[in-house]
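The lines below spell out each chain.
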Protein chains: 2
Amino acid sequence: MEFKDRIDDISIRHRDDSKEPFEPLVVMQFSSKTNQAAVTWMIAKLQASKQNGGANLQVRTMVMPHNSETVLYIGASSHRLILAGELLEIKKLTLDGHYKEISIHDLQSFQGSGNDPKTFFNNSEKQKIIKHEIEGIRAQAMDSNIPGYEKIRLYPGKSIIKKYLSRGLVLQLYPLHDEEEIKRLGDEWYNYKKVFNPQPIDKIRNYFGEKIAVYFAFLGVYTIALIPPALIGIIYLITAWKSVYREAIFAIFNLIWSTLLLEGWKRYCSEISFKWGTLENVGTSFEEPRANYRGELGRNIVTGNPEPVYPKWKRLAKFYFVTVPVISLCLCAAFFVMLLYFWMQAWADKAYIDSGHSYFYLPVLYTPSGIYAVMIAVVNAIYRLIARELNDWENHRLESSYNNHFIVKLVLFDFVNCFMSLFYVAFYLQNRTLLRSHLACLLIASQLMGQIQEAMVPFFFFKRREKQLSKAITMVEELKPLDDKAEEIDKGVLKRSIVEGSMSVYDSTNNDYLELFLQFGYVFLFSSAFPLAALWALLNNVTEIRCDAFKMCRVSQRPFAESASSIGAWQVAFEVIGLMSVITNTALIGMDPTVQALLPSDISAVNMVIIFVIVEHCVLVIKGAVAIFIPDIPKWVELEIARKEYRTKQALQAEVCTSFYL
Amino acid sequence: MEFKDRIDDISIRHRDDSKEPFEPLVVMQFSSKTNQAAVTWMIAKLQASKQNGGANLQVRTMVMPHNSETVLYIGASSHRLILAGELLEIKKLTLDGHYKEISIHDLQSFQGSGNDPKTFFNNSEKQKIIKHEIEGIRAQAMDSNIPGYEKIRLYPGKSIIKKYLSRGLVLQLYPLHDEEEIKRLGDEWYNYKKVFNPQPIDKIRNYFGEKIAVYFAFLGVYTIALIPPALIGIIYLITAWKSVYREAIFAIFNLIWSTLLLEGWKRYCSEISFKWGTLENVGTSFEEPRANYRGELGRNIVTGNPEPVYPKWKRLAKFYFVTVPVISLCLCAAFFVMLLYFWMQAWADKAYIDSGHSYFYLPVLYTPSGIYAVMIAVVNAIYRLIARELNDWENHRLESSYNNHFIVKLVLFDFVNCFMSLFYVAFYLQNRTLLRSHLACLLIASQLMGQIQEAMVPFFFFKRREKQLSKAITMVEELKPLDDKAEEIDKGVLKRSIVEGSMSVYDSTNNDYLELFLQFGYVFLFSSAFPLAALWALLNNVTEIRCDAFKMCRVSQRPFAESASSIGAWQVAFEVIGLMSVITNTALIGMDPTVQALLPSDISAVNMVIIFVIVEHCVLVIKGAVAIFIPDIPKWVELEIARKEYRTKQALQAEVCTSFYL
């Protein structure tokens, strides 16, 4: 084995690292079918020095006895981690409370390290750095293919792990949970005794990274914001106060409230991002292409490095000539399903009435709604598959644009699939009673199905996990360490790593945001028709937060921490719903005969419409003004940023002035 | 004179500077009433080293014989300028075509310098730096008041020149024109032979700075963009093609065109700002307070330096309890003037008809329009005074917020004053013929008045200038240099400096933008009513560009160069007009009986209105989508920025990797 020597050579040169006990942080699981040459090559690359094209990491190798799968446990010396963190320009809090890019020469000025490089980073930071380093292992000029696989070609600069993953040589690469930390986090987060406590957002961020913490922060803020409209809904329910103003007042309150909610969220989000040091992070414009990005080998126009190049016109052609027609077709299909429902409903209504309101026919009356709710779910599931396929096939270069295109596809379809029937009832049939019952039916059905999916499935998985654990214990006993160093890994860690490897993967926050998006639409789009919607949503979300938390901590594989400073494209999606709700609500109120009766009776129908149009425009302008005049970044955050800038500038000025005797 | 010694001391320490010939760049003109002690103190401060709280500049002193006014000619050694530029973080083009912050150690890597520090900066850059350095002279702890003025108190950190200017001790501080440069620039810019050539924007920027160059670039782009609608106007005029679609087509074209114009401008503007290195400049958040900012002495919350502090609630109280009511009153007054006009017009119409359409009564018919046009101008002038006073009195801390509040005040009032009558005719009277003639009348009258102001007044000034020149010649002969060094200044420069001192000051680009804003409104708000508007505007602007150019080069004092990367708040103002024009034009078309006749006759009036409202909403959405999907920064600019970022990052990575043998 030619690499063996190299590995030894490297481990000698880095002997000082071996003084620290090995801490397994990330697990790389190979397929049992992977050629041994490819496995050995990867191990060599992981351990080789950076200057030799490796990642300079610590690796312990295990082999599963029953199917001879190789499992790597990957760690790194703290010295290595800090240097990598410096290159990644990771910012950490200094002792005087500011974020600064870390530097190996200056560890003592940062919080929490206490001068001990081992505790300088927390677990999730270490895992994030290791992931980045593994992804940074690139094919060299002499690496034309993966050893053992003549056909899996490489080109200089290609990330090797991405090739291993996309070709299935590596089944998964996942960070290990920290048993103690997760217990402590879970106790604060999803303990049923603490349902009404605020979520431990900072701790969530420390454990799962900013992206997931921002989602839970948003879910929290949004849920709290549902309390006032839910209270109003309860008051309306109890008092049964009948007034022509009743719905108009509620609608106006909701319009203002949804604007304030979204603006307030932006402010809160920039506060927490500032606290986490991610507010001023700007995305790099020379992001790597996605793992599955295909194309002829060319050169990156920014970096000049070799990478696949896919002509833009091809992507646009795919988009306009395939994606747009297919999605339009899907939208039509969803629309047709909706019409089908209304026909069935009309038929059922007729059958019920023809039967002389017989009890026997009552189930017939509710069958269409039930079928429709199921149909929505089915069509949604099918569509999601199609959307995923189309999105993959469009071959987006960047993860971010892939994600944004996927969000747009989801939102567009779900909007039609879930809301179109409401628009149909409200503005075509113009049936207020039906609108109310239909809205209630859709909202409650979708929440019930969501709860079943999210609360039952995890429970089932959790049960299954106990079985897995006992199985894992027997497997660990059989696990064969490939080198003597691998023996130092704790049996408990091995056990847990095997269990975590078989856990479900938390795919992305998109599904969670989509669920909130639909709920937001149900609550605000037709709020004047169904004031109780907010209460239902509130009840749902209170349990949702804790279910999601449990899922994150106990049911899913630990995800790698990702940084984020906002909810991204979802902010736009929620704001669009906010804008549309102005139009729908003014239209609903304008169509209300009791409201119309308030206007002077000599006003013509045309002028009445014009009055409501003017009102709608005014509300839109006010909404816009509110959004503009509430600054997205709170004053104190701006001041802090300015102070930091000023200090930097002053230091520079002083330096130049003294050095030139100006 | 105690300061005399200090000045000598400093001039000895900087003897190497005296090898360069003195170049007078900026003129500081004291009032003839200013106490001599205050003058001497200022001179000492200008010459003292930075560490002694001065500006380390070169000063030559002259005294006007007829009124013993002191005039200072200020320059600086090239070494001093480059150091100041480094502190100001001025960016210049390097030899390989990128913008980089300059550094005195690295002059040879920048374009144009040819290693000669004297030609490293052009004239306007030098003047900008000197202005900055003069403004940077701050009162020290021992400077409690201006010498000779017990009552003009200072506090540590207060900019001294701002106090001199606001108290009238210094009448003006202005940069000198560069006779050769301005001739060359003028030849390319306002030469009547080159009316159809593009403007020399880069040269304008080099001479006048980015802010003025951006204005002229905008004027140029906007004028070119008027050509297509003007052509359509001509075609409509010639062919007299009567069709129900005629106005609808023109309106739709204009809606799209105005959006494309504003989006296209943003792109073009970011291109030129990128070329000038100002695109990535972010405004400092610790900007200095304005010269006239008043308040109790406190501390700046960012820098901790002493500065006046004015409670925010006072400014808000002034704004809400005085400014808002006063401006509302002004708006009402403008509205009343408008009603007056319509009453007069109705009366005149009646008189004309009563007279049996007698020719004798024809002047009576047109009198109200004439009076109204004059009234608009008068009311506008009065309002501008009020707005300026209110804005001063509101006591804004920053120049930028002062400016933005002023723009909002101007735009709001001029909108009502100039456009309200059009809205009245279009939607209250619903008289299309009157709308057309009224629009034509307002547009042409306002342009005529503008042209008179801008073309005639400069011409008059230019004539007067010749007289001034001959007067200046006699004055220069009498001019008494205060020190022997002052004798080295060229007589021609002295002469010109005196003439330039008496020239009118180019106040700001705001007035020019306001004029364009009103024109933009006349052209696009009711475009379906008067297609020829674009042609009139085009004709006006072609001459406007050259008149403004002539004014800038020959009639006004040279302004200090200011940097800018966009047209700022005006972009928003233009976009608001663009949005409103969607509403006005769809309403105009919807109200057109010939268009209404196109719809199926069985449609009810209410549904007709609803159809037009839906169309309007669709147009708004499309407009918004266009604005979002056209990126504000062109692809190539983004790529260049990314490449630069990548190079910086690569260099850092290489450095860390090699230094740690990773």
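This is a predicted model, so every value here is computed, not measured.

Rules of the game
Residues numbered from 1 in each chain as written. Chains lettered and ligands numbered in written order. Predicted model: local features only at pLDDT ≥ 70, side-chain atom pairs only at ≥ 80, totals over all residues. Heavy atoms only, no water. Helix = DSSP H or I, 4+ residues; strand = E, 2+ residues; numbered from the N terminus. Rg over C-alpha atoms; globule rule 2.2 N^0.38 Å. Areas by Shrake-Rupley, 256 points an atom, 1.4 Å probe, with all protein chains shown as cover. Lys, Arg positive; Asp, Glu negative; His and termini not counted. Charge placed at Lys NZ, Arg CZ, Asp CG, Glu CD. Axes fitted to C-alpha atoms, helices over the stretch in contact; angles between N-to-C directions. Left-handed = near helix turned anticlockwise from the far one by under 90°. Contact = heavy atoms within 4.5 Å. Nonpolar A, V, L, I, M, F, W, Y, C, P; charged D, E, K, R; others polar. UniProt positions renumbered as here; feature names shortened; annotations may be inferred. Pairing = 2+ DSSP bridges. Patch = residues over 30% accessible without salt bridge, like charges linked within 9 Å, V, L, I, M, F, W, Y side chains within 5 Å. Salt bridge = Lys/Arg side-chain N within 4 Å of Asp/Glu carboxyl O. Core = buried A, V, L, I, M, F, W, Y, C linked by side-chain atoms within 4.5 Å. Buried < 20%, exposed > 50% of the residue type's maximum accessible area, 1.4 Å probe, protein only. Domains from an automatic or database assignment. Buried area = accessible area lost by both parts, 1.4 Å probe. Parallel < 35°, antiparallel > 145°, perpendicular 65-115°, else oblique. Polar contact = N/O pair within 3.5 Å; in protein donor to acceptor, adjacent residues only side chain to side chain. Phe/Tyr/Trp six-rings, centres within 6.5 Å; stacked < 30°, edge-to-face > 60°. Lys NZ or Arg CZ within 6 Å of the ring centre and 35° of its normal.

**With respect to the overall build of chain A**
Phase 1 of the analysis: Counting secondary structure elements, chain A contains 21 helices and 11 strands.
Phase 2 of the analysis: Over its C-alpha atoms chain A spans a radius of gyration of 29 Å, differing by no more than 12% from the 26 Å that the globule rule assigns to 662 residues.
Phase 3 of the analysis: Oriented by its inertia axes, the alpha-carbon framework of chain A measures out at about 95 × 75 × 55 Å.
Phase 4 of the analysis: For chain A, the computed accessible surface area is about 31,600 Å², with 63% contributed by carbon and sulfur atoms.
Phase 5 of the analysis: Side chains of chain A give 70 positive and 68 negative charges; the mean places of these two sets differ by 2 Å.

**Considering the packing of helix α13 (residues 399-429) of chain B against helix α16 (residues 510-524) of chain B**
Residue and element names in this part refer to chain B.
Phase 1 of the analysis: Between α13 and α16, the shortest axis-to-axis distance is 10 Å and the interhelical angle comes to 30°. The hand of the α13/α16 crossing is right-handed. Residue-level contacts link Asn403, Phe406, Ile407, Leu410, Val411, Asp414, Cys418, Phe419 and Leu422 of α13 to Asn510, Leu514, Phe517, Leu518, Gly521 and Tyr522 of α16.
Phase 2 of the analysis: Of the residues contributing to the contact of α13 with α16, the split by class is 11 nonpolar, 3 polar and 1 charged.

**Comments concerning the UniProt feature "transmembrane region" (unreviewed entry) in chain A**
Residue and element names in this part refer to chain A.
Phase 1 of the analysis: Here the UniProt-annotated "transmembrane region" (unreviewed entry) positions come out as residues 212-238, 244-265, 319-344, 364-386, 406-429, 516-539, 560-583 and 603-630.
Phase 2 of the analysis: For residues 212-238, the end-to-end C-alpha separation is 38 Å, with 96% helix and 0% strand making up the annotated structure.
Phase 3 of the analysis: With 62% helix and 0% strand, the stretch residues 560-583 has end C-alpha atoms that lie 41 Å from each other.

**Remarks on the pairing of strand β10 (residues 306-309) of chain A**
Residue and element names in this part refer to chain A.
Phase 1 of the analysis: Across 4 bridges, strand β9 (residues 296-299) lies against β10 in antiparallel orientation. Bridge pairing in β10 links Leu297 to Pro308.
Phase 2 of the analysis: As consecutive antiparallel partners, β9 and β10 are separated by 6 residues, and within that stretch Gly304 has a phi angle of approximately 80°, a positive value.

**Focus on a nonpolar patch on the surface**
Phase 1 of the analysis: Taken together, the side chains of Leu316, Tyr320, Phe321 and Val324 of chain A make up a nonpolar region of the molecular surface, amounting to roughly 430 Å² of accessible area.
Phase 2 of the analysis: By secondary structure assignment, the location of Tyr320 of chain A is in helix α11 (residues 312-354).

**Describing the nonpolar core**
Phase 1 of the analysis: Counting residues in each nonpolar core, the largest one holds 91 residues, and the members touching the most others are Phe208, Phe419, Phe526 and Trp570 of chain B.
Phase 2 of the analysis: The biggest single contributor to this core is α13 of chain B, with 14 residues.
Phase 3 of the analysis: Those residues within four positions of Phe419 of chain B in sequence are excluded, and the remaining contacts are Asp414, Phe517, Leu518, Gly521, Tyr522, Leu525 and Ile577 of chain B.
Phase 4 of the analysis: Grouped together as the second largest cluster of nonpolar side chains are 90 residues, Leu262, Met338, Phe413 and Leu535 of chain A included.

**Re the sheet that holds strand β8 (residues 170-175) of chain A**
Residue and element names in this part refer to chain A.
Phase 1 of the analysis: Strands sit in the order β8-β1-β3-β2-β11 across an open sheet of 5 strands; the sheet is antiparallel. Of all the strands in the sheet, the pair left with one neighbour each is β8 and β11 (480-481).
Phase 2 of the analysis: Most of the contacts of helix α15 (residues 491-501) go to β8, to which it runs at about 120°, and overall it touches β1 (26-30), β2 (58-63), β3 (70-75) and β8.

**A closer look at the environment of Ile201 of chain A**
All names here are of chain A.
Phase 1 of the analysis: Tracing the backbone shows Ile201 in helix α7 (residues 201-208).
Phase 2 of the analysis: Each C-alpha atom of the pair Ile201 and Glu389 lies 35 Å from the other, and the pair is 188 residues apart in sequence.
Phase 3 of the analysis: In this structure, Ile201 is in contact with Ala213, Phe216, Ala217 and Trp276, ignoring residues within four places of it in sequence.

**Remarks on the pattern of salt bridges**
Phase 1 of the analysis: As enumerated under the stated definition, the model contains 42 salt bridges over all chains in all.
Phase 2 of the analysis: Residues Glu640 of chain A and Arg643 of chain A are paired through a salt bridge, measuring 3.1 Å at the closest nitrogen-oxygen approach. In this pair, Glu640 of chain A and Arg643 of chain A both sit in helix α21 (residues 635-660), 3 residues apart, roughly one turn of the helix.
Phase 3 of the analysis: Overall, the relative accessible area of 23% leaves Glu640 of chain A in the partly exposed class.
Phase 4 of the analysis: Residue Glu394 of chain B is joined to Lys409 of chain B by a salt bridge in which the shortest nitrogen-to-oxygen separation is 2.9 Å. You can see Glu394 of chain B sitting in helix α12 (residues 362-394) and its partner Lys409 of chain B sitting in helix α13, a full 15 residues away along the chain. The same class applies to Glu394 of chain B as to Lys409 of chain B, namely buried.

**Describing the sheet that holds strand β1 (residues 26-30) of chain B**
Residues and elements named next belong to chain B.
Phase 1 of the analysis: Overall, antiparallel pairing links the 5 strands, which are arranged β8-β1-β3-β2-β11 in an open sheet. In this open sheet, the two edge strands, each paired with only one partner strand, are β8 (170-175) and β11 (480-481).
Phase 2 of the analysis: In this sheet, strand β3 (residues 70-75) lies alongside β1 in antiparallel orientation, the contact comprising 4 bridges. When the sheet's bridge partners are listed, Met28 is paired in β3 with Leu72.

**As for the domain arrangement of chain A**
Residue and element names in this part refer to chain A.
Phase 1 of the analysis: Taken as a whole, chain A is organised into domain 1 (2-175), domain 2 (195-280 + 415-459 + 506-630) and domain 3 (632-662).
Phase 2 of the analysis: Distance from the C-alpha centre of domain 1 to the C-alpha centre of domain 2: 43 Å.
Phase 3 of the analysis: Residue-level contacts link 13 residues of domain 1 with 15 residues of domain 2.
Phase 4 of the analysis: Summed over both partners, the interface of domain 1 with domain 2 buries about 1,100 Å², with 52% contributed by carbon and sulfur atoms.
Phase 5 of the analysis: For the domain 1 face of the interface with domain 2, the top three residues by lost area are Tyr99, Lys128 and Pro175, together amounting to 43%.
Phase 6 of the analysis: Between the two partners, domain 1 and domain 2, sit 0 salt bridges.

**Focus on the packing of helix α13 (residues 399-429) of chain A against helix α18 (residues 569-591) of chain A**
The relative placement of two packed helices comes down to the angle between their axes together with the axis-to-axis distance.
All names here are of chain A.
Phase 1 of the analysis: Here α13 crosses α18 at 10°, and the two axes come no closer than 12 Å. Taken as axis vectors, α13 and α18 run roughly parallel relative to one another. From α13, Asn404, Ile407, Val411, Phe415, Phe419, Phe423, Ala426 and Phe427 reach across to α18, where they touch Ala569, Trp570, Ala573, Ile577, Met580, Thr584, Ala587, Leu588 and Met591.
Phase 2 of the analysis: In terms of residue class, the contact of α13 with α18 is built from 15 nonpolar, 2 polar and no charged.

**Points about the side chain of Ser527 of chain A**
Residue and element names in this part refer to chain A.
Phase 1 of the analysis: By secondary structure assignment, the location of Ser527 is in the loop between α16 (510-524) and α17 (533-555).
Phase 2 of the analysis: In this structure the side chain of Ser527 is engaged in a polar contact, spanning 3.1 Å, whose partner is the side chain of Asn254.
Phase 3 of the analysis: Setting aside chain neighbours within four positions, we find Ser527 in contact with Phe250, Ala251, Asn254 and Asn585.

**A word on the packing of aromatic side chains**
Residue and element names in this part refer to chain B.
Phase 1 of the analysis: On inspection of all chains with the given rule, the structure shows 72 aromatic pairs over all chains.
Phase 2 of the analysis: For the pair Phe253 and Trp257, a centre-to-centre distance of 5.5 Å together with 15° between the ring planes defines the contact as stacked. Within this pair, Phe253 and its partner Trp257 are both found in helix α10 (residues 244-276), separated by 4 residues, close to a single helical turn.
Phase 3 of the analysis: Judged by relative accessible area, Phe253 falls into the partly exposed class, the value being 24%.
Phase 4 of the analysis: Between Arg60 and the ring centre of Phe22, over which it is positioned, the NZ or CZ distance is 4.2 Å.
Phase 5 of the analysis: Here the guanidinium or amino end of Lys318 rests over the ring plane of Trp393, the centre of that ring lying 4.5 Å away.

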